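The primary structure of each chain is shown beneath.
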Amino acid sequence: MSFDLPDITIDVTERVAPFFEALGRGVVLVQRCKACGDATTYETTRCDTCQSDDLVGEEASGTAKLVTWTVIDRPTHPAFNGIEPYVTGYVELAEGPWLPARILIDRADLRPDLAVKLAPATASNGTAYPAFAQA
Ligand SMILES: [Zn+2]
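Along each chain, residues carry numbers from 1 onward, in the same order as the chain's sequence is written. pLDDT decides what is reported in this predicted model: residues at 70 or higher carry local features, side-chain atom pairs at 80 or more are listed and counted, and totals for whole chains, interfaces and linings draw on all residues regardless. Values shown for side chains rest on all heavy atoms present in the structure; no hydrogens or waters enter the calculation.

1. Describing helix α1 (residues 17-24)
To keep it simple, the criterion reads: Partly exposed residues are those whose accessible area sits between 20% and 50% of the maximum for their type, while under 20% is buried and over 50% is exposed, using a 1.4 Å probe and protein chains only. By the criteria applied, helices consist of DSSP H or I runs no shorter than four residues and strands consist of E runs no shorter than two, each listed in order from the N terminus. In this analysis, two residues are considered to be in contact whenever any of their non-hydrogen atoms come within 4.5 Å of each other.
Looking only at α1, the buried set comprises A17, F19, F20, A22 and L23. Elements that come into contact with the buried residues of α1 comprise β1 (29-33), β6 (98-104), β7 (115-118) and β9 (128-129). The first or second residue beyond α1 is G26, which carries a positive phi of 80°.

2. Some words on the pairing of β6
Stated formally: Whether two strands pair depends on DSSP finding at least two bridges between them.
With respect to burial, β6 is a largely interior element, five of its seven residues being buried. Looking at chain direction, strand β5 (residues 86-93) and β6 are connected through six bridges and run antiparallel. Paired with V87 across the strands is I103, a residue of β6. The turn linking β5 back onto β6 is made up of four residues, and G96 within it adopts a positive phi angle of 120°. As paired elements, β6 and strand β10 (residues 131-134) share three bridges and run parallel to each other. Its bridge partner being in β10, I103 is matched across the sheet by F132.

3. So, the sheet that holds β7
Strand-to-strand pairing in sheets goes through backbone hydrogen bonds, with the strands running parallel or antiparallel. Which entries qualify depends on this criterion: Note on geometry: axes are lines fitted to C-alpha atoms, helical ones only across the stretch in contact, with angles between N-to-C directions running from 0 to 180 degrees.
One closed barrel accounts for five strands, arranged β4-β5-β6-β10-β7; its pairing is mixed. Mean inter-strand twist for the sheet, computed between neighbouring axes without regard to direction, equals 50°.

4. So, the packing of aromatic side chains
Using the following cut-off: For Phe, Tyr and Trp, rings pair up if their centres lie within 6.5 Å, where Trp contributes its six-membered ring, and each pair is then called stacked (planes under 30 degrees apart), edge-to-face (over 60) or tilted (otherwise).
One pass over the full model with this rule turns up three aromatic pairs. Here F19 and Y42 contribute two aromatic rings whose centre-to-centre distance is 6.1 Å and whose plane-to-plane angle is 25°, an arrangement assigned as stacked. On the criterion of sequence distance, the pair formed by F19 in helix α1 and Y42 in the loop between β2 (39-40) and β3 (55-59) is long-range, its members being 23 residues apart. Assigned by exposure class, F19 and Y42 land together as buried. Between the aromatic rings of Y90 and W98, the centroid separation amounts to 6.5 Å while the plane-to-plane angle is 50°, which identifies the pairing as tilted. The exposure class of Y90 is partly exposed, given its relative accessible area of 37%. Here a set of aromatic residues connected by ring pairs shows up, and it is made of F19, F20 and Y42.

5. Thoughts on the UniProt feature "domain: ChsH2 C-terminal OB-fold" (unreviewed entry) in the chain
Test applied: UniProt positions are given in the numbering used here, feature names are shortened, and annotations may be inferred rather than shown by experiment.
Feature annotation in UniProt places "domain: ChsH2 C-terminal OB-fold" (unreviewed entry) on residues 58-118, given in this structure's numbering. Taken end to end, residues 58-118 is 0% helix and 51% strand, and its first and last C-alpha atoms sit 16 Å apart.

6. As for the nonpolar core
Keep this limit in mind: For this analysis, a nonpolar core means a set of buried residues of the types Ala, Val, Leu, Ile, Met, Phe, Trp, Tyr and Cys, connected via side-chain atoms within 4.5 Å.
Counting 35 residues, the largest nonpolar core has F19, V28, V91, L93, I103 and F132 as its most contacted members. Only α1, β1, β4 (63-72), β5, β6, β7, β9 and β10 provide two or more residues apiece to this core. Each residue touching L93, except ones within four places of it in the same chain, is listed here: V28, V30, T63, A64, L99 and F132. By size, the runner-up hydrophobic cluster in this structure holds five residues, among which are I72, A79, F80 and I83.

The structure is reproduced here in structure tokens:
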């Protein structure tokens, strides 16, 4: 399986810019709810548990486990032609939130709860995006 990267660009809004900037430093950010203490993903504006909007960003460990995935054999966008098959899925961060990500693991090795670690990939415009490799 190839781990080549597609020739894509990622446009980042001001609200999520800190998340992508942190990925460029090899760090994944989550938000911690000041009302209940649970962690949630960075892009949300409310706590998944209690709906509070009193959230503060924090650095996560970068460790996670594989939850679900799909192997893409036929790309749906020309930018991804030539790198198939590739894997995309969700990981559960050690802090709790699920994060969509590119999965940099051979399909034969994919299994539920597989330990993974952050291995950010970089789009052609220099923006890092979430990717995880086997821990
Ligand atoms: Zn909460």
